[in-house]
Amino acid sequence: MAVKNLTPRRSHAWFGATGRSGMAHRSWMRNQGFGPDVFDGRPVIGIATTWSELAPCNAHLHRVAEAVKRGVWQMGAFPLEFPALATGETLMRPTAMFYRNLLAMESEELIRSNPLDGVVLLSGCDKTTPGLLMGAASVDIPAIMVTGGPMLNGKYKGQDVGSGTHVWKFEEDLKTGVMTEADLTYAEGCMSRSNGHCMTMGTASTMACMAEALGMQLPGSATWPAVDARRYETAERAGKRIVELVNEDLRPSQIMTRAAFENAIRTNAAIGGSTNAIIHLLAIAGRLGVELELNDFDELARPIPTLVDLMPSGRFLMEDFCYAGGLPVVHKELADAGFLHTEQITVTGQSIGANVADAECWNSEVIRTFTEPYQDAGTGTAILHGNLAPNGAVIKQSAATPELLQHTGRALVFDSPEEYHAVCDDPDMDVDPSDVLVIRYAGPKGYPGMPEVSNVPIPTKLLKAGVTDMVRICDGRMSGTGYGTVVLHVAPEAALGGPLALVRTGDTVTLDVAARSIMMNVSDEEIERRRAAWKPKDPEYTSGYAWLYVEHVLQAPQGADFDFLQGSRGHKVPRESH
Ligand code: FES
Ligand code: MG
């Protein structure tokens, strides 16, 4: 049934205009073959796609967009697809994270500057989901997200292999002689065998779940494989639903409230999700003026056990999660345990509690229960403080070695990941399994872009001796598919003269996760002496985007957004262009 609403919409300022201006807005659009009917006041729906062949995880989004368009047309509205920066994780250097804010800025401006009444956000690869949500939040017109879905499970020589997670494993297997280069080439095709994003519970799957937990995508959307027909059916439904959202005038700011973020944080704990979600959720909240801080991620997550047994923390992959019932089952479990704000409104127009009331679990090995969880409450992501990280740091306990969660060792300090990589294969490297590897100047300003370099490989000499994990500390991030006892997101970062810049090889460092503490065992007086002698590096960039980035990027506890992009700038129709 067609939905029409005669109230002048945003788009009416363009397409409903009279005289020269209206003609200019309409006539050029008709060069695409649209008849005059599409300008009759019906809602105009933008479809922001992060499609690109350079972002392989998003390479099928043009087909998803076609499904969305079907839904929009069925409702009598007018869909228009437009590209937004495809921040592909695997190719972009220095890191896709360096461009997340650019995508957010670009999508915000594209939505505002065009005749759009509502927008469907098509994302997939890690940074595309938060980037589009940040942009849409800052414009605050009705919006709905459709993530592109995970790849099918990787299958290598009879076993399931997970995106990213098995890259780290294969790298170790190559170093220890378990695999050959030829094995690796064969495995590449086995790991990525369909369209879609990483099918581990890495950052892309995590952020797809976060979008669903925040209420911004339809229930069940996060898990349909990219090639499953129901992904396209869901996209079509989203196309229909966005038109209703426009008519209901239900906006991101009403959906992504503090309660929705609390739901997302608890969901992330229950799914064993990526540490990157912390940074992205803080950045999205910052766009909406929702008070959220790093410690919330510890306090809210602490009573939540890990329910989902997925790599990198567990055994299964996204296809298994989907067939087990997907995220609605997790939400129902959280709701029944009293840990979901069930009344929070979502893009369905219903509450999240109502959305998942009938969810059923089809495989209790993949999705466990509160009473028999996969991992106990309190073993998820923890927030640390101490004289090494006065403004906080993050550790994913479920991806760490339990024996290392309380550990004192000698610091071995490297001023860049490259400096470490230059020596880590040396058979004579002066390193002991109890050492703590410090990798620094990898923060938002330092690298720049805060790349996923924190889980540096174990020195080859130790790997060959059977050492599988060591404590590592870094002001960068770790891939959501990664694992190890790695202290991440240390703030302030070394490039700002944070204490991480002052630790020296030979100092001892103590990690005590139970006490939520990360300390260098150096006296305050000595730290002050070192601080007085510390000099920042000469600025590397004096122009271009990199200059803008380094000048304006905030620290990890503020979501590494740009200072000038925090907050919402609304959807007021800009002045006429001609
Ligand atoms: Fe794109 Fe993992 S590389 S989702
Ligand atoms: Mg990643």
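Bear in mind the structure is a predicted one, so any value in this text is a computation, not a measurement. (Residues numbered from 1 in each chain as written. Chains lettered and ligands numbered in written order. Predicted model: local features only at pLDDT ≥ 70, side-chain atom pairs only at ≥ 80, totals over all residues.)

Undergrad: Now, about the overall build of the protein: what can you tell me, with residues and values included?
TA: Per the secondary structure count, the protein includes 20 helices and 14 strands. Taken over 578 residues, the protein has a buried fraction of 55%. Counting only contacts in the protein whose residues sit at least 6 apart along the sequence, the fraction spanning at least 24 positions is 79%. (Helix = DSSP H or I, 4+ residues; strand = E, 2+ residues; numbered from the N terminus. Buried ≥ 20, exposed ≤ 12 C-beta atoms within 10 Å, placed from the backbone. Contact = placed C-beta atoms within 7 Å.)

Undergrad: Describe the environment of M519, listing the residues and the values that go with them.
TA: Looking at the element boundaries, M519 is found in strand β14 (residues 517–520). Here the alpha-carbon distance between M519 and G386, two residues 133 residues apart in the chain, equals 5.2 Å.

Undergrad: Can you lay out the packing of helix α11 (residues 258–271) against helix α12 (residues 276–288) for me, pointing to particular residues and giving the numbers?
TA: Two numbers describe how α11 lies on α12: the axes approach to 11 Å, and their chain directions differ by 175°. Looking at the two axes, α11 sits roughly antiparallel to α12. When α11 is examined against α12, the residues F261, A264, I265 and N268 are found in contact with a partner set consisting of A277, L281 and A285. Residue classes in the contact of α11 with α12 are distributed as six nonpolar, one polar and no charged. (Axes fitted to C-alpha atoms, helices over the stretch in contact; angles between N-to-C directions. Parallel < 35°, antiparallel > 145°, perpendicular 65-115°, else oblique. Nonpolar A, V, L, I, M, F, W, Y, C, P; charged D, E, K, R; others polar.)

Undergrad: Describe the sheet that holds strand β2 (residues 78–83), and please don't skip the residues or the numbers.
TA: If you trace the four strands from one edge of the open sheet to the other, you get β2-β1-β3-β4, paired in parallel fashion. On the outer flanks of this sheet lie β2 and β4 (143–147), each paired with one strand and no other. Taking the axes of each pair of neighbouring strands and ignoring which way they run, one obtains an average angle of 20° across the sheet. Looking at chain direction, strand β1 (residues 44–49) and strand β3 (residues 118–123) are connected through five bridges and run parallel. The residue of β3 that forms the bridge with G46 is V119. Sitting on the sheet, helix α5 (residues 128–139) is in contact with β1, β3 and β4, with an inclination near 165° to β3. (Pairing = 2+ DSSP bridges.)

Undergrad: Explain the nonpolar core to me, and be specific about the residues and the numbers.
TA: Formed by 170 residues in total, the largest nonpolar core has its most connected members in I45, V119, V120, L281, V308, V438 and V487. It is α12 that contributes the most residues to this core, nine residues altogether. Setting aside residues no more than four positions away along its own chain, V120 makes contact with I45, I47, V68, I144, V146, A238, G239 and I242. (Core = buried A, V, L, I, M, F, W, Y, C linked by C-beta atoms within 7 Å.)

Undergrad: Help me get a handle on helix α9 (residues 229–248), residues and values and all.
TA: When the terminal C-alpha atoms of α9 are compared, their 29 Å separation across 20 residues agrees well with the 28 Å that a helix rising 1.5 Å per residue should span. Of all the positions in α9, only R231, Y232, T234, A235, E236, A238, G239, R241, I242, V243, L245 and V246 are classed as buried. On its buried side, α9 packs onto β1, α3 (61–74), β2, β3 and β4. Immediately downstream of α9, the backbone of D249 shows phi near 55°, a positive value. (Expected span 1.5 Å × (residues − 1).)

Undergrad: Any details on the UniProt feature "domain: Dihydroxy-acid/6-phosphogluconate dehydratase N-terminal" (unreviewed entry) in the protein? Residues and values, ideally.
TA: Using the residue numbers shown here, the UniProt feature "domain: Dihydroxy-acid/6-phosphogluconate dehydratase N-terminal" (unreviewed entry) corresponds to residues 42–354. Along residues 42–354, the helical share is 49% and the strand share 9%, with 30 Å between the first and last C-alpha atoms. (UniProt positions renumbered as here; feature names shortened; annotations may be inferred.)

Undergrad: Please give an account of the UniProt feature "domain: Dihydroxy-acid/6-phosphogluconate dehydratase C-terminal" (unreviewed entry) in the protein that cites residues and values.
TA: As annotated in UniProt, the feature "domain: Dihydroxy-acid/6-phosphogluconate dehydratase C-terminal" (unreviewed entry) corresponds to residues 365–560 in the numbering used here. Between the end C-alpha atoms of residues 365–560 there is a gap of 37 Å, over a span that is 15% helix and 22% strand.

Undergrad: Please give an account of the environment of A399 that cites residues and values.
TA: Within the secondary structure layout, A399 lies in the loop between β8 (389–396) and β9 (406–414). Spatially, the C-alpha atom of A399 lies 7.7 Å from that of G482, the residues being 83 residues apart in sequence. The residues touching A399, leaving out its near neighbours within four places in the chain, are P312, S313, G482, Y483 and G484.

Undergrad: Explain α5 to me, and be specific about the residues and the numbers.
TA: Taking 1.5 Å per residue, twelve residues should reach 16 Å; α5 reaches 17 Å between its end C-alpha atoms and fits that length. Three or more residues of α5 are buried, namely T128, T129, P130, G131, L132, L133, M134, G135, A136, A137, S138 and V139. Positive backbone phi, approximately 60°, marks D140, located one or two places after α5.

Undergrad: I'd like a rundown of the packing of α11 against helix α15 (residues 327–336), residues and numbers included.
TA: One way to put it is that α11 packs onto α15 with a least axis distance of 10 Å and a crossing angle of 110°. Looking at the two axes, α11 sits roughly perpendicular to α15. Crossing geometry of α11 relative to α15 is assigned as right-handed. On α15, the residues that touch R266, T267, A270 and I271 of α11 are V330, H331 and L334. Among the residues forming the contact of α11 with α15, the class breakdown is four nonpolar, two polar and one charged. (Left-handed = near helix turned anticlockwise from the far one by under 90°.)

Undergrad: So what's going on with the confidence of the model for the protein? Which residues, and what values?
TA: Of all residues in the protein, 99% attain a pLDDT of 70 or more, and the chain-wide mean is 96. Interface confidence in the predicted complex, given as ipTM, is 0.94; pTM for the same model is 0.97. (pLDDT = per-residue confidence, 0-100.)

Undergrad: I'd love a proper account of unusual backbone geometry, names of residues and values included.
TA: Omega for the peptide link from R93 to P94 comes to 5°, which places this bond in the cis form. Here P94 shows up in the loop between β2 and α4 (97–113). Residue A491 is joined to P492 through a cis peptide bond whose omega torsion reads -5°. With respect to the helices and strands, P492 occurs in the loop between β12 (486–488) and β13 (508–512). Positive phi, normally seen in glycine, also occurs at K157, with a value near 45°.

Undergrad: Just give me the short version of the pairing of β1, but keep the residues and values in it.
TA: Residues in a regular strand project their side chains so that they alternate between the two faces of the sheet. When you tally the buried positions in β1, you get six out of six residues, the bulk of the element. Residues V44, G46 and A48 point to one face of β1 and I45, I47 and T49 to the other, with burial holding for every one of them. Taken together, the six bridges between β1 and β2 define a ladder with parallel strand orientation. Across the sheet, I47 pairs through a bridge with E81, a residue of β2.

Undergrad: I'd love a proper account of the environment of H421, names of residues and values included.
TA: Along the chain, the position of H421 falls in helix α17 (residues 417–421). In the structure, H421 is positioned 38 residues away from P459 in sequence and 8.9 Å away in space, judged by C-alpha atoms.

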